[in-house]
Amino acid sequence: MKIYIIIPAYNEAEFIGETLQSLISQSQPAHKIVVVDDGSTDKTPEIVSEFSKKYPEISLIKNTSEGKHLPGSKVVNAFNIGFKTLDDNFDIVCKFDADLIFPKDYLEKISLLFDQNPRTGMVGGFCEIEKNGEWILENLTGKDHIRGALKVYRKDCFKDIGGLKPAMGWDTADELLAQYHGWEIKTDENLRVKHLKPTGKNYTKTSKYKQGEAFYSLRYGLVITFIASAKLAFKKKDFSFFIDCITGFLYAKNEKRPYLVSKDEGRFIKNLRWKKMQEKLF
């Protein structure tokens with residue numbers, strides 16, 4: 001399979017060298033690796049440039065955007081800029097973060113999972129973080145969800161979902177829309193990737209209501225939002241997160257914010273969420 005990788009990066013000088021080294025050392029290498037430097041003020045672009053001189057599959061694109069990190073829009077906009085530079089001659093497209101270390105056979109095993117089932121539209125492993133000298137699972141979501149840090153899409157699936165949505169909740173919307181179009185999501189617990197920077201480390205205070213706004217934009221409704229928010233707050237061991245989620249949802253509802261999905265897609269998403277909740281309860 002022909003693999004293209006896009007890496008949005010903002011001030012990742014501390015980590016991006018390790019990320020690129022782990023990707024060029026893959027047993028099944030990627031054909032193209034595009035790093036979109038999104039206005040970094042550190043040495044991120046210089047590090048990527050040095051890699052691109054040695055490895056022709058790596059290229060650097062410089063983009064200027066607002067420096068603060070808001071979950072969703074900034075990273076997806078950078079990804080989309082990188083995607084526009086690519087040709088259509090690929091089988092798999094990857095959106096990877098710039099602070100990951102991949103095991104040597106990651107891309108090879110990802111390709112095999114796609115080969116095994118032609119209806120598999122998205123594949124991913126799991127992130128680990130270092131804690132007290134040990135690498136442990138970054139337990140923020142269910143094991144049926146692929147983290148936004150390491151998304152991999154079959155081309156036809158990527159086109160069916162209309163690419164990535166530049167908003168908080170994009171990495172849930174993509175999976176729900178993929179299933180709406182008849183694609184399957186595959187995760188593999190044996191595929192573990194080292195996540196060098198914990199999720200949300202650079203989020204600003206203004207982003208704390210974004211999760212609730214994302215639930216609204218996916219047409220979850222208040223009841224599913226309540227349950228999903230409680231579950232996330234429990235995982236984070238942070239009750240204030242639950243309050244922020246509900247506040248964000250109600251704010252978006254009162255403001256009549258635009259939705260990320262259509263009414264038909266929203267009905268499918270609600271039914272799918274209820275079905276999965278019932279499966280876990282019973």
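The shown structure was predicted, so the numbers you read here are calculated from the model rather than taken from an experiment.

K.L.:
I'm lost on the overall build of the chain in this one. Help?
P.N.:
Secondary structure assignment for the chain yields 10 helices and nine strands. In terms of overall size, the chain behaves like a compact globule, its C-alpha atoms giving a radius of gyration of 18 Å where 282 residues would be expected to give roughly 19 Å. Of the roughly 13,900 Å² that the chain leaves accessible, carbon and sulfur atoms contribute 52%. Between the centroid of the 44 positive side chains of the chain and the centroid of its 38 negative side chains there is a distance of 5 Å.

K.L.:
What is the right way to look at the environment of alanine 230 in this model?
P.N.:
Considering the arrangement of structural elements, one finds alanine 230 in helix H8 (residues 222-236). Owing to a relative accessible area of 33%, alanine 230 belongs among the partly exposed residues under this scheme. Each C-alpha atom of the pair alanine 230 and isoleucine 243 lies 9.0 Å from the other, and the pair is 13 residues apart in sequence.

K.L.:
Help me understand helix H4 (residues 106-116) in this model?
P.N.:
At 3.6 residues per turn, the α-helix brings residues three or four places apart onto the same side. If you check which residues of H4 are buried, you get Tyr106, Leu107, Ile110, Ser111, Leu113 and Phe114. Looking straight down H4, one finds its buried side chains confined to an arc of 160°; they lie on one side. Exposed side of H4, more than 90 degrees from the buried face: Asp115 and Gln116 are the residues found there. Considering only its buried residues, H4 is in contact with strand S1 (3-9), strand S4 (92-96), strand S6 (120-131), strand S8 (150-154) and strand S9 (184-195).

K.L.:
Help me understand unusual backbone geometry, please; the structure alone is not making it clear to me.
P.N.:
With the exception of glycine, the majority of residues adopt a negative phi angle, and the majority of peptide bonds are in the trans configuration. If you check the backbone angles, arginine 219 has positive phi at about 60° while not being a glycine. Relative to the elements of secondary structure, arginine 219 occurs in the loop between helix H7 (210-217) and H8. Given a relative accessible area of 22%, arginine 219 falls into the partly exposed group. In this model, lysine 237 sits at a positive phi of 55°, which is unusual for a non-glycine residue.

K.L.:
Teacher, can you tell me more about the packing of H7 against helix H9 (residues 239-255) here?
P.N.:
Between two packed helices, both the angle of their axes relative to each other and the distance between the axes serve to describe the pair. For the pair H7 and H9, the least separation of the axes is 6 Å and the interaxial angle reads 50°. When the axes of H7 and H9 are compared, the pair comes out oblique. At the point where H7 passes H9, the crossing takes the right-handed sense. Residues Gln211, Gly212, Glu213, Phe215 and Tyr216 of H7 form the contact with H9, whose participating residues are Phe241, Cys245, Gly248, Phe249, Tyr251, Ala252 and Lys253. The residue inventory of the contact of H7 with H9, partitioned by class, reads seven nonpolar, three polar and two charged.

K.L.:
Where do I start with the nonpolar core in this structure?
P.N.:
Most often, soluble globular proteins have nonpolar side chains that are buried together. With 75 residues, the main nonpolar core has Ile5, Ile7, Leu20, Ile33, Phe96, Tyr106 and Leu150 as its most contacted residues. The contact partners of leucine 150, leaving out residues within four places of it in the chain, are Lys95, Phe96, Leu100, Tyr106, Val123, Gly124, Gly125, Phe126, Cys127 and Val193.

K.L.:
What am I meant to see in the domain arrangement of the chain here?
P.N.:
Think of interface size as the accessible area that goes away when the parts come together; that is how it is often given. With domains assigned, the chain is organised as domain 1 (3-195) and domain 2 (205-279). Taking only C-alpha atoms, the centre of domain 1 and the centre of domain 2 are 24 Å apart. If you look at the interface, domain 1 gives 17 residues, while domain 2 gives 20 residues. Overall, the association of domain 1 and domain 2 removes approximately 1,600 Å² of surface from exposure, summing both partners, and the carbon and sulfur fraction of that is 70%. Viewed at the interface, domain 2 and domain 1 are joined by one salt bridge. For lysine 276, the salt bridge identified is with aspartate 144, shortest N-O distance 3.8 Å.

K.L.:
Sorry if this is basic, but what is going on with the pairing of strand S2 (residues 32-38) here?
P.N.:
Here is the key point about a regular strand: its side chains alternate between the two faces of the sheet. In terms of burial, S2 is a largely internal element, six of the seven residues being buried. Sheet analysis places S1 next to S2, joined by six bridges and oriented parallel. Bridged to alanine 9 within S2 is aspartate 37. For the segment spanning S1, helix H1 (residues 16-24) and S2, crossover handedness is right-handed. Bridging between S2 and strand S3 (residues 58-63) involves six bridges; their strand directions are parallel. Directly across from aspartate 38, in S3, lies its bridge partner asparagine 63. Viewed along the sheet, the connection from S2 through helix H2 (residues 44-54) into S3 turns out right-handed.

K.L.:
I keep staring at the pairing of S1 and nothing clicks. Help me out?
P.N.:
Of all the seven residues making up S1, seven are buried; the element is thus mostly covered by neighbouring parts of the structure. Burial of the side chains of S1 extends over both faces: Ile3, Ile5, Ile7 and Ala9 are buried on one face and Tyr4, Ile6 and Pro8 on the other. In this sheet, S4 lies alongside S1 in parallel orientation, the contact comprising four bridges. Considered in S4, the bridge of isoleucine 6 is made with lysine 95.

Rules used in this analysis
All residue numbers refer to positions counted from 1 along the written sequence of the respective chain. Since the coordinates come from a predicted model, pLDDT governs what is reported: local features require at least 70, and pairs of side-chain atoms require 80 or more to be given and counted, while whole-chain, interface and lining totals use all residues. Excluded from the side-chain calculations are hydrogens and water; all other atoms, namely the structure's heavy atoms, are used. Each helix is a run of DSSP H or I of at least 4 residues and each strand a run of E of at least 2, with the numbering of both proceeding from the N terminus. Note that the radius of gyration is over C-alpha atoms, with the globule rule given as 2.2 Å times the number of residues to the power 0.38. Only the protein chains shown count as cover for residues, and the accessible areas themselves come from Shrake-Rupley with a 1.4 Å probe. His is not counted here, nor are the chain ends, while Lys and Arg score as positive and Asp and Glu score as negative. A single reference atom marks each charge: NZ on Lys, CZ on Arg, CG on Asp, CD on Glu. Note on classification: 1.4 Å probe, protein chains only; a residue is buried when its accessible area is under 20% of the maximum for its type, exposed when over 50%, partly exposed between these limits. Starting at the helix axis, one direction is taken to each C-beta atom, and the arc is that of these directions. Throughout, a residue-residue contact means that at least one pair of heavy atoms, one from each residue, lies within 4.5 Å. To define axes, lines are fitted to C-alpha atoms, for helices over the stretch in contact only, and angles between the resulting N-to-C directions are given on a 0 to 180 degree scale. Orientation labels follow simple angle bins: below 35 degrees gives roughly parallel, above 145 gives roughly antiparallel, 65 to 115 gives roughly perpendicular, and whatever is left gives oblique. Each helix crossing is assigned a hand: it is left-handed if the near helix lies turned anticlockwise from the far helix by less than a right angle, otherwise right-handed if that turn is clockwise. Charged residues are taken to be Asp, Glu, Lys and Arg, nonpolar residues to be Ala, Val, Leu, Ile, Met, Phe, Trp, Tyr, Cys and Pro, and polar residues to be all remaining types, Gly included. Here, nonpolar core means buried Ala, Val, Leu, Ile, Met, Phe, Trp, Tyr and Cys residues that are tied together by side-chain atoms lying within 4.5 Å of each other. The split of the chain into domains comes from an automatic or database domain assignment. Put simply, buried area is the surface a 1.4 Å probe can reach on two separate parts but cannot reach once they are joined, added for both. Salt bridges are defined as contacts in which a side-chain nitrogen from Lys or Arg sits within 4 Å of a carboxyl oxygen from Asp or Glu. Any two strands with at least two DSSP-identified bridges between them are counted as paired. Seen with its strands pointing away from the viewer, a crossover is right-handed if its path from the first strand over the helix to the second goes clockwise.

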